[in-house]
Amino acid sequence: MEAHHRKVDLSNDALLRALAREPTDRTPVWLMRQAGRYLPEYNAARARAGSFLALARSPALATEVTLQPLERFALDAAILFSDILLLPDAMGLGLYFTEGEGPRFERPLRDEVAVRALAAPDPALELGYVLDAVRELRRALAGRVPLIGFSGSPYTLACYMVEGCGSDDWPALKTMLYSRPQLLHRLLEINARAVTDYLNAQIEAGVQAVMLFDTWGGTLAHADYETFSLAYSRRVLAGLAKMREGRRVPSILYTKGGGAWLEAMAASGCDAIGLDAATDPASARRAAAGRVALQGNLDSAALLAPPEQVRAAVRRVLDAFGGAPGHVFNLGHGVLPRTPVESVAALVDEVRAYSRMLRSS
Ligand code: CP3
C-alpha cells in the first residue's frame with residue numbers, strides 16, 4: 001500500500017520506465033555532466049564556495065548545483081553533483097586539484113604496503129556529506145524527476161588510485177597490472193566492496209537509479225577488460241539493493257571505449273548500458289538482445305555547433321536507436337566546458353519533440 005502510494009509520488013517516471021524497457025510517450029533525456037562549467041550559475045556557485053571540492057562537500061551547495069540544469073532545461077533526471085574521486089579520498093588518499101592539471105592524490109598506491117593498508121570506508125562516517133546531499137535533494141526535488149546516484153567502477157577508481165593523477169595510458173597502473181597482477185586484484189576486491197557499500201548507502205539515502213562510470217575500462221587490452229574491469233563491476237552490480245520505495249532501483253553500466261564488449265556488459269547484471277559516441281546504436285541493440293536498456297550516445301562535441309545542427313544531430317541519434325522502448329537519450333561522454341547553453345536547450349527540446357513524433361507515427 002505504502003509502496004503504491006509512493007510510486008505515484010514521482011510525477012515524471014519516464015527515465016525509470018525506459019530503463020525497465022517499458023513504453024514511454026517520448027524518449028527520456030539527461031546529460032552526463034549536466035551541471036558544470038558551461039553554466040554561468042555553476043561557475044558563480046563554485047566561486048562562492050571557493051573550490052570544486054568545497055562545492056562537492058557542502059550538501060546545500062551540491063543540492064543547489066544539482067538543480068541548476070533542471071531550472072533551465074526539461075530534463076528527465078537529476079544526477080547528484082559529486083565526483084567519483086571522493087570515494088578514494090575517503091579511503092585516505094588525499095584528493096586535491098591543481099589549476100589546469102585536474103585531480104591528484106597526495107598518497108597514490110604504489111606498493112604492497114599501501115594496498116594492504118587500504119580498507120572500504122563506512123559511507124555513513126566518511127561520506128556522510130554525500131548522503132546528506134542525497135536526502136536534501138530528494139526533499140528539494142519533491143518527486144519532479146528521479147535522482148541518479150553514481151560511483152566510479154572498481155577499475156576506473158584503481159586507475160587514479162595507483163597513478164595518482166589522470167593519464168592517457170596509465171603507466172603506473174599498467175606496470176602493476178603486468179608485473180604484480182595479484183596485487184591489483186587485491187586492490188580491485190577492496191574497491192568492489194567500497195563501491196558496493198557506497199552505492200547501497202546512496203540508495204538507502206534516496207537515489208532512484210545508479211550509474212557505474214567505467215571511464216577507463218576501454219584502455220584495457222581485450223582479454224584484460226573482463227578480468228580486471230567487468231568482473232569487479234559485476235560483483236558490485238550483484239551486491240546492490242534492487243528495490244527501494246516499492247520500485248526497482250535500476251543500474252547503468254557505462255564503459256568509455258566499451259564498444260568491443262557490449263554483449264558481456266549486457267550480461268553483467270546491469271539494467272542498462274551506457275554507450276560512447278563511437279558505438280553504433282544498431283549493433284548495441286543487437287548486443288543487448290532485449291536484456292538491457294541503452295543510454296547514449298550523441299557526440300559531446302556536436303553541441304559546439306549552432307542549434308539547427310544540434311537538432312539535426314539529435315534526430316540522427318534518435319533515428320539510429322529507433323522507436324522501440326528501452327532508450328535513454330544522453331551524450332557519449334560529459335558536456336564539454338565550452339558548450340553553449342543554447343545548444344543544450346536545443347538538444348533537450350528536440351529530443352522531446354522528435355521522439356514523441358517517432359512514437360506516434
Ligand atoms: O554529471 C554530473 O553533472 C554530476 C557530476 C559529476 C562530476 N564528476 C562533477 C565534476 C560526475 C558524474 C563526475 C564523474 C567523474 N569524475 C568521472 C566519470 C565520468 C567521466 O566524465 O568520465 C571521472 C573520470 C571524474 C574525475 C574527474 N573529476 C576529473 C578527471 C576532473 C577534472 C576534469 C574536469 O572536467 O575538470 C574532475 C572534476 C570535476 N568533477 C568537475 C565537475 C563539474 C570540474 C571541476 C571544476 O569545476 O573545476
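Remember, it's a predicted structure, so these values are computed and weren't measured experimentally.

Overview of the overall build of the protein
Then step 1. Helix and strand content of the protein: 17 helices and eleven strands.
Then step 2. A globule of 361 residues ought to have a C-alpha radius of gyration of about 21 Å, and the protein, at 19 Å, matches this closely.
Then step 3. Projected onto the principal axes, the alpha-carbon positions of the protein cover approximately 60 × 50 × 45 Å.
Then step 4. The 361 residues of the protein split such that 57% are buried.
Then step 5. Considering only contacts within the protein whose residues lie at least 6 apart along the sequence, 73% involve residues at least 24 apart.
Then step 6. Carbon and sulfur atoms provide 52% of the accessible area of the protein, an area that totals close to 14,400 Å².
Then step 7. Here the protein contributes 40 positively and 40 negatively charged side chains, and the mean placements of these two sets differ by 3 Å.

A word on the environment of S300
Then step 1. Mapped onto the elements, S300 comes out in the loop between β10 (293–298) and α16 (307–321).
Then step 2. Distance from S300 to M176, taken between C-alpha atoms, is 33 Å for residues 124 residues apart in sequence.
Then step 3. Aside from chain neighbours lying at most four places away, what touches S300 is L331, H333, G334 and L336.
Then step 4. A polar contact is formed between the side chain of S300 and the backbone oxygen of G334, at a distance of 2.9 Å.

Comments concerning the state of the cysteines
Then step 1. Evaluation of the coordinates by the stated rule reveals zero disulfides.
Then step 2. There is no disulfide at C270, and the cysteine sulfur nearest it, in C159, is 20 Å away.
Then step 3. What makes C270 buried here is its relative accessible area of 7%.

Notes on the environment of V207
Then step 1. Along the polypeptide, V207 turns up in the loop between α12 (181–205) and β5 (209–214).
Then step 2. For V207, a relative accessible area of 0% corresponds to the buried category.
Then step 3. Counting along the chain gives 58 residues from V207 to G149, while the straight-line C-alpha distance between them is 5.5 Å.
Then step 4. Excluding anything up to four places from it in sequence, V207 contacts V134, L147, I148, G149, Q202 and V249.

Points about the sheet that holds β5
Then step 1. The seven strands are arranged β1-β4-β5-β8-β9-β10-β11 in an open sheet whose pairing can be described as parallel. What marks the edges here is a single partner per strand, and that holds for β1 (78–79) and β11 (327–331).
Then step 2. Alignment of strand β4 (residues 147–152) against β5, held across five bridges, turns out to be parallel. Across the sheet, the residue bridging to S151 is L212, located in β5.
Then step 3. Against the sheet, α12 touches β4 and β5, its axis set at about 170 degrees to β4.

Thoughts on the pairing of β4
Then step 1. Among the six residues that make up β4, six are buried, leaving the element largely enclosed by the rest of the structure.
Then step 2. Pairing geometry for β1 and β4, over two bridges, is parallel. Across the sheet, the residue bridging to I79 is I148, located in β4.

Examining the confidence of the model for the protein
Then step 1. Looking at the protein, the pLDDT average stands at 96 and 98% of residues meet or exceed 70.
Then step 2. Within the model, pLDDT remains below 50 along residues 1–6, and this stretch shows three contacts once partners closer than five positions in the same chain are excluded.

Concerning the pattern of salt bridges
Then step 1. This structure, assessed with the given rule, holds 23 salt bridges.
Then step 2. Here R352 ties to D76 by a salt bridge, and the two come within 3.7 Å at their closest N and O atoms. With a gap of 276 residues between them, R352 in helix α17 (residues 341–360) and D76 in the loop between α5 (59–72) and β1 connect regions that are remote in the sequence.
Then step 3. The exposure class assigned to R352 is partly exposed, which follows from its relative accessible area of 24%.
Then step 4. Its relative accessible area of 1% is what places D76 among the buried residues.
Then step 5. Among the charged side chains, a salt-bridge network with shared partners connects E308, R311, R315, D349 and E350.

Quick word on the packing of aromatic side chains
Then step 1. With the rule as written, the count across this model stands at eight aromatic pairs.
Then step 2. Ring plane angle 80 degrees and centroid distance 5.2 Å describe the contact between Y160 and W170, whose orientation is recorded as edge-to-face. Highlighted residues: Y160 in helix α10 (residues 154–163) and W170 in the loop between α10 and α11 (171–179), separated in sequence by ten residues.
Then step 3. Classification of Y160 by relative accessible area gives buried; the value is 12%.

Rules of the game
- Residues numbered from 1 in each chain as written.
- Predicted model: local features only at pLDDT ≥ 70, side-chain atom pairs only at ≥ 80, totals over all residues.
- Heavy atoms only, no water.
- Helix = DSSP H or I, 4+ residues; strand = E, 2+ residues; numbered from the N terminus.
- Rg over C-alpha atoms; globule rule 2.2 N^0.38 Å.
- Buried < 20%, exposed > 50% of the residue type's maximum accessible area, 1.4 Å probe, protein only.
- Contact = heavy atoms within 4.5 Å.
- Areas by Shrake-Rupley, 256 points an atom, 1.4 Å probe, with all protein chains shown as cover.
- Lys, Arg positive; Asp, Glu negative; His and termini not counted.
- Charge placed at Lys NZ, Arg CZ, Asp CG, Glu CD.
- Polar contact = N/O pair within 3.5 Å; in protein donor to acceptor, adjacent residues only side chain to side chain.
- Disulfide = S-S within 2.5 Å.
- Pairing = 2+ DSSP bridges.
- Axes fitted to C-alpha atoms, helices over the stretch in contact; angles between N-to-C directions.
- pLDDT = per-residue confidence, 0-100.
- Salt bridge = Lys/Arg side-chain N within 4 Å of Asp/Glu carboxyl O.
- Phe/Tyr/Trp six-rings, centres within 6.5 Å; stacked < 30°, edge-to-face > 60°.

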